[in-house]
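Summary of the model geometry
Okay, here's what each chain looks like letter by letter:
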Amino acid sequence: MRADRLVSLVLLLRQRGRMTADQLATELEVSVRTVLRDIEALSTAGVPVYADRGRHGGFSLLPGFRTELTGLNHHEALALLTAGSGRGEKAFGLSSALASAMRKVVDALPEGHRATLDDAAKRFLVEPETDLLSRRPDREDVASGVMDEVRRAVLAGRKLRFHYAAPDKVTRWHTVDPLGLVTVRDRTYLLATKSGEDRTYRLSRILVAEELPDQADRPAQVDLDRIWAERTALFLSDNHIPVLVRVKSTRREELLNTARGVRTEHPEPDGWVRLEVTFEDLRHAIWAIWQLDTAAEVLTPNELRTALHNRAEAIAARYRPESLTEPTQVVPG
């Protein structure tokens, strides 16, 4: 265990540069005292770890220090093989590269580990093609060559030009400064700026793309988590109807599958969940809530409550039982 931790410590310093003892302890899930002992052990073994004093100090490796760190443990190799076994391997068009990496990982393992790892990896299934209700995921196809071109522009930091087919709009060309790629539920989005304005594009709507020779106008560092969260919040607030609804916890997933987005969610003590969700418009909200029958209750807006009430009354009237009368008996004369 300590050998794995020492390797991880060196890798952290190599990849991130200077780090404090507190940061290393958090990453390695150990105490600061353990980190300091590990630093001392590495120094004794000849690994050039240096301590920088002061408020902005920490530990770092001698610039240019490189070493070959080999030897995956069983769980590390299993994690890699499992990650490569699901549909996630297709993310960002890197499936062939991942398959090649997996072959190298397996080939580097000791002979005795290969058979056990192969069997262990087969015990885990990541994101199958359908769920228990035989529903297939809403997957989107990206035009041939588009992913490679977009990915190259993102990684090289160059401008990107593409032909985009937005819904209900004329197909047109765009030239943007790419920031990064985000994959959510089998949909891949390009986060970019255009003339300094934030833009988000769905890759399945890009018909043709080309990396340009010009450098992109973008910051050297990027926080995709923060950018995605900000753009998600803006998207949910733009031209959508917000609905506050209570739903039985057993039917929560059905609601989330039909809603456009989720703003807040709070469990209630009676087995229900209170959510604030968004729908495209009133018609979409009526359709989605109606599927849940009495397992959901809309709290706001009133116009949605009224619309559901009117629909329920109309359905009840349509299927109201008629008065049944005994058929007239005809007596033969």
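You'll find the structure just up there.
Residues numbered from 1 in each chain as written. Predicted model: local features only at pLDDT ≥ 70, side-chain atom pairs only at ≥ 80, totals over all residues. Heavy atoms only, no water.

**Focus: unusual backbone geometry**
A cis geometry characterises the amide bond from Thr-300 onward to Pro-301, with omega recorded as 5°. Secondary-structure assignment places Pro-301 in the loop between strand 11 (296–300) and helix 11 (302–318). Despite not being glycine, Glu-29 has its phi angle at roughly 60°, a positive value. Relative to the assigned elements, Glu-29 resides in the loop between helix 2 (21–28) and helix 3 (32–44). Of note in the backbone geometry, Asp-293 takes a positive phi value of approximately 40° without being a glycine. (Helix = DSSP H or I, 4+ residues; strand = E, 2+ residues; numbered from the N terminus.)

**A closer look at helix 11**
Over its 17 residues, helix 11 runs 24 Å from end to end, which matches the ideal 24 Å to within 8%, given 1.5 Å per residue. Considering only its buried residues, helix 11 is in contact with strand 8 (241–248), helix 10 (282–290) and strand 11. (Expected span 1.5 Å × (residues − 1). Contact = heavy atoms within 4.5 Å.)

**A word on the sheet that holds strand 10 (residues 272–279)**
Overall, antiparallel pairing links the four strands, which are arranged 9-10-8-11 in an open sheet. The open sheet has two edge strands, strand 9 (261–267) and strand 11, and neither has a second partner. Across this sheet, the average inter-strand angle for adjacent strands is 25°, counted without regard to direction. The pairing of strand 8 with strand 10 spans eight bridges and is classified as antiparallel. Across the sheet, residue Val-247 finds its bridge partner in strand 10, namely Val-273. In this fold helix 10 packs onto strand 8, strand 10 and strand 11, with an angle of close to 150° to the strand it touches most, strand 10. The sheet strands contacting helix 11 are strand 8 and strand 11, and the helix crosses strand 11 at an angle near 140°. (Pairing = 2+ DSSP bridges. Axes fitted to C-alpha atoms, helices over the stretch in contact; angles between N-to-C directions.)

**Observations regarding the pattern of salt bridges**
Should the charged atoms of two oppositely charged side chains come close, the side chains can pair. Across all of its chains, the model carries 21 salt bridges by this definition. Here Asp-148 makes a salt bridge to Arg-151, at a shortest N to O gap of 3.2 Å. Of the two residues, Asp-148 and Arg-151 both sit in helix 7 (residues 146–156), three residues apart, roughly one turn of that helix. A residue is classified by how much of its surface remains accessible, and Asp-148, at 32% relative accessible area, is partly exposed. Given the relative accessible area of 16%, Arg-151 is considered buried. Here the residues in one salt-bridge network are Arg-246, Glu-268, Asp-270, Arg-274, Glu-297 and Arg-305, joined through shared partners. (Salt bridge = Lys/Arg side-chain N within 4 Å of Asp/Glu carboxyl O. Buried < 20%, exposed > 50% of the residue type's maximum accessible area, 1.4 Å probe, protein only.)

**Quick notes on the packing of helix 10 against helix 11**
When two helices pack together, their arrangement is given by the angle between the helix axes and the distance between those axes. Close contact between helix 10 and helix 11 brings their axes to 10 Å; oriented N to C, the two are set at 55°. The orientation of helix 10 relative to helix 11 falls into the category oblique. Every pair of crossing elements has a handedness; the one defined by helix 10 and helix 11 is right-handed. Between helix 10, through Leu-282, Ala-285, Ile-286, Ile-289 and Trp-290, and helix 11, the contact on the second element is made entirely by Glu-303, Leu-304, Ala-307, Leu-308, Arg-311, Ala-312 and Ile-315. Per-class residue counts for the contact of helix 10 with helix 11 are ten nonpolar, no polar and two charged. (Parallel < 35°, antiparallel > 145°, perpendicular 65-115°, else oblique. Left-handed = near helix turned anticlockwise from the far one by under 90°. Nonpolar A, V, L, I, M, F, W, Y, C, P; charged D, E, K, R; others polar.)

**Re the nonpolar core**
In this structure, Val-243, Val-245, Leu-255 and Phe-279 are the most contacted members of the largest nonpolar core, which totals 21 residues. Looking at this core, the elements with two or more residues in it are strand 8, helix 9 (252–258), strand 10, helix 10, strand 11 and helix 11. In contact with Leu-255, other than residues within four places in its own chain, are Val-245, Val-247, Leu-275, Phe-279, Ile-289 and Leu-292. Judged by nonpolar contacts, the second largest core, of 17 residues, contains Val-10, Leu-12, Ala-25 and Leu-42. (Core = buried A, V, L, I, M, F, W, Y, C linked by side-chain atoms within 4.5 Å.)

**Observations concerning the side chain of Thr-188**
Mapping Thr-188 onto the fold places it in strand 5 (residues 187–194). Note on Thr-188: relative accessible area 10%, which makes it buried. A distance of 3.1 Å separates a polar atom in the side chain of Thr-188 from a polar atom in the side chain of Thr-183. Beyond its immediate chain neighbours, meaning those up to four positions away, Thr-188 contacts Phe-92, Met-147, Leu-181, Val-182, Thr-183, Tyr-201, Arg-202 and Leu-203. (Polar contact = N/O pair within 3.5 Å; in protein donor to acceptor, adjacent residues only side chain to side chain.)

**Thoughts on helix 2**
Turning to helix 2, its buried residues number three or more, namely Ala-21, Leu-24, Ala-25 and Leu-28. Down the axis, helix 2 shows its buried residues gathered within 100° of arc, on one side only. Residues of helix 2 that are exposed and point over 90 degrees away from its buried face: Asp-22 and Thr-26. Buried-residue contacts for helix 2 involve helix 1 (2–16), helix 3 and strand 2 (58–61). Once helix 2 finishes, Glu-29 follows within two positions and takes phi at roughly 60°, a positive value. (Arc of directions from axis to C-beta.)

**Looking at the sheet that holds strand 6 (residues 197–202)**
Overall, antiparallel pairing links the five strands, which are arranged 6-5-4-3-7 in an open sheet. Strand pairing shows two members of the sheet lacking a second neighbour, strand 6 and strand 7 (206–215), which therefore form its edges. Each neighbouring strand pair of the sheet contributes to a mean axis angle of 45°, computed without reference to strand direction. One ladder, built from seven bridges, connects strand 4 (residues 172–184) with strand 5; its direction is antiparallel. By the bridge assignment, Thr-183 is partnered in strand 5 with Thr-188. On top of the sheet, helix 7 reaches strand 3 (158–164), strand 4, strand 5 and strand 7; it is set at about 25° to strand 7, its chief contact.

That's the geometry; what it means functionally is another story.
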